Amino acid sequence: MSEQEKKESVLDKRSSRRTFIKNSGLTVGGVVLGGALGSLLIKDDKSTTHNTDTQNHAKTPIANPNIALMFFTPNQYQITQAAVERIFPEDANGPGAKELNAAVYIDHQLAGPWGSNVKDYRLGAFYKAEENQGPQTKLLRKDLFLAGLDSLNKYSNDQYKADFKELEATQQDEVLLAFSEDKVELYGKVSSSQFFSLLRTLTIEGVYADPMYGGNNEMVGWSMRKYPGSRMQYVAEIQDEKFIELEPQSLNSHMGH
């Protein structure tokens, strides 16, 4: 091979290598660029999806985040709603316990440590309580309440062939009266009056407790009693000769101080 032919051969090889690198570079660059573009496009898509999700969440009305079940099933919640409404019914003075979210209050109490009797002595012995003594039972409050709800349905079906929440108001009153008079026995031979006493106490608490616990919806329970709620002081209003009605305030109102 002549010297001239050797030079042309080397140039051809360099050209081919340069062409390969160039083409490969375009290909790799294309992959990288394509990946980057794809990534951007994907991010754009994700961003769009995320924004859509955010918009959907933003559209969800959250009037009171405390209104959520933590213990009851939906059916248990509906039975409790029906029962509390008969204990504190709606009348000319205002809404009943159902609208005031007393059942939500009960749900939250039973879901917490109080519902599991964590601060009570639980080692026995357990005796039949005298009239001047408190309840003596191995059942936790949350278990007693669920046993009571089950018995409400069972007794209602035995008497009226329908679940408690489906009965007429007068029939529901008759069922609750039977429970209050200890005419029904819950499982574990627990008296029905213990359940009724717990139900009545929790209902009244749910109507008048601070809204932070889930009940007393919009402080209407306090408004009906003209109770001013949690205020730092109202000495001047108390000392006034005339009754001064104040808008109720909850514990939440102190967060700005």
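Each value, and the rule that gives it
- By convention here, each chain's residues receive numbers from 1 onward along its written sequence.
- Two thresholds apply to this predicted model, a pLDDT of at least 70 for residue-level local features and 80 or more for giving and counting side-chain atom pairs, whereas whole-chain, interface and lining totals are computed over all residues.
- Side-chain figures throughout are based on the complete set of non-hydrogen atoms in the structure, without hydrogens or water.
- Numbering of helices and strands runs from the N terminus; a helix is a DSSP stretch of H or I covering at least four residues, while a strand is a stretch of E covering at least two.
- Using a 1.4 Å probe on the protein chains alone, a residue whose accessible area is under 20% of its type maximum counts as buried, one over 50% counts as exposed, and one in between counts as partly exposed.
- The contact rule is simple, with two residues in contact once any of their heavy atoms fall within 4.5 Å.
- Surface accessibility in these figures is a Shrake-Rupley result with a 1.4 Å probe; residues are shielded only by whichever protein chains are displayed.
- Between the N-to-C directions of two axes lies an angle of 0 to 180 degrees, each axis being a line fitted to C-alpha atoms and, for a helix, fitted only over the stretch in contact.
- When an angle is under 35 degrees it counts as roughly parallel; over 145 it counts as roughly antiparallel; between 65 and 115 it counts as roughly perpendicular; any other value is oblique.
- By definition, turning the near helix anticlockwise from the far helix through less than a right angle yields a left-handed crossing, and turning it clockwise yields a right-handed one.
- When residues are sorted by character, Ala, Val, Leu, Ile, Met, Phe, Trp, Tyr, Cys and Pro go into the nonpolar class, Asp, Glu, Lys and Arg into the charged class, and all the rest, Gly among them, into the polar class.
- Here the expected length of a helix is defined as 1.5 Å per residue gap, with one fewer gap than residues.
- What is meant by a nonpolar core is a set of buried Ala, Val, Leu, Ile, Met, Phe, Trp, Tyr and Cys residues, joined one to another through side-chain atoms within 4.5 Å.

Participant: Would you mind going over the overall build of the chain with me for this structure?
Facilitator: Helices and strands together make up the secondary structure of the chain, namely eight helices and zero strands. Sequence-ordered secondary structure for the chain, helices as α and strands as β, is α-α-α-α-α-α-α-α. Out of the 257 residues in the chain, the part that is buried amounts to 30%. Counted over contacts in the chain with a minimum sequence separation of 6, partners at least 24 positions apart contribute 57%. Summed over all atoms, the accessible surface of the chain reaches about 17,400 Å², with 53% contributed by carbon and sulfur.

Participant: Can you help me understand helix α3 (residues 102-111) in this one?
Facilitator: Each α-helix turn comprises 3.6 residues. Residues three or four places apart therefore point the same way. Burial analysis of α3 places nine of its ten residues in the buried class, which makes it a mostly covered element. Regarding α3, the residues found buried are Ala102, Ala103, Val104, Tyr105, Ile106, Asp107, His108, Gln109 and Leu110. Those residues of α3 hidden inside the fold are in contact with α2 (74-87), α4 (141-160) and α6 (192-208).

Participant: Sorry if this is basic, but what is going on with the side chain of Gln109 here?
Facilitator: Relative to the helices and strands, Gln109 resides in helix α3. In contact with Gln109, not counting residues within four places along its chain, are Trp114, Gly115 and Tyr213.

Participant: How should the packing of α3 against α6 be read in this particular structure?
Facilitator: Two measures define how a pair of helices packs: the angle their axes make with one another and the distance between the axes. Taken N-terminus to C-terminus, the directions of α3 and α6 make an angle of 110 degrees; their axes are 8 Å apart at the nearest point. Between α3 and α6, the angle falls in the class roughly perpendicular. Along this stretch, α3 crosses α6, giving a crossing that reads as right-handed. Residue-level contacts link Ala102, Tyr105 and Ile106 of α3 to Leu202, Thr203, Glu205, Gly206 and Val207 of α6. Of the residues in the contact of α3 with α6, the class split is five nonpolar, two polar and one charged.

Participant: Would you take a moment to explain α4 for this structure?
Facilitator: The first and last C-alpha atoms of α4 sit 28 Å apart over 20 residues, in line with the 28 Å expected at 1.5 Å per residue. When α4 is considered as a whole, its buried residues turn out to be Leu144, Phe145, Ala147, Gly148, Leu149, Ser151, Leu152, Asn153 and Ser156. Where α4 is buried, its residues touch α2, α3, α5 (169-180) and α6. Of the residues trailing α4, Lys161 is marked for its positive phi of about 60 degrees.

Participant: Any chance you could explain the nonpolar core here in plain terms?
Facilitator: The tendency in soluble globular proteins is for nonpolar side chains to be buried as a group. In terms of nonpolar packing, the biggest core is built from 38 residues, with Ile106, Phe145, Leu152, Phe164, Phe179 and Phe195 touching the most fellow members. Elements represented by at least two residues in this core include exactly α2, α3, α4, α5 and α6. Those residues in contact with Phe195 that sit more than four places away from it in its chain are Leu144, Phe145, Gly148, Leu149, Leu152, Phe179 and Leu186.

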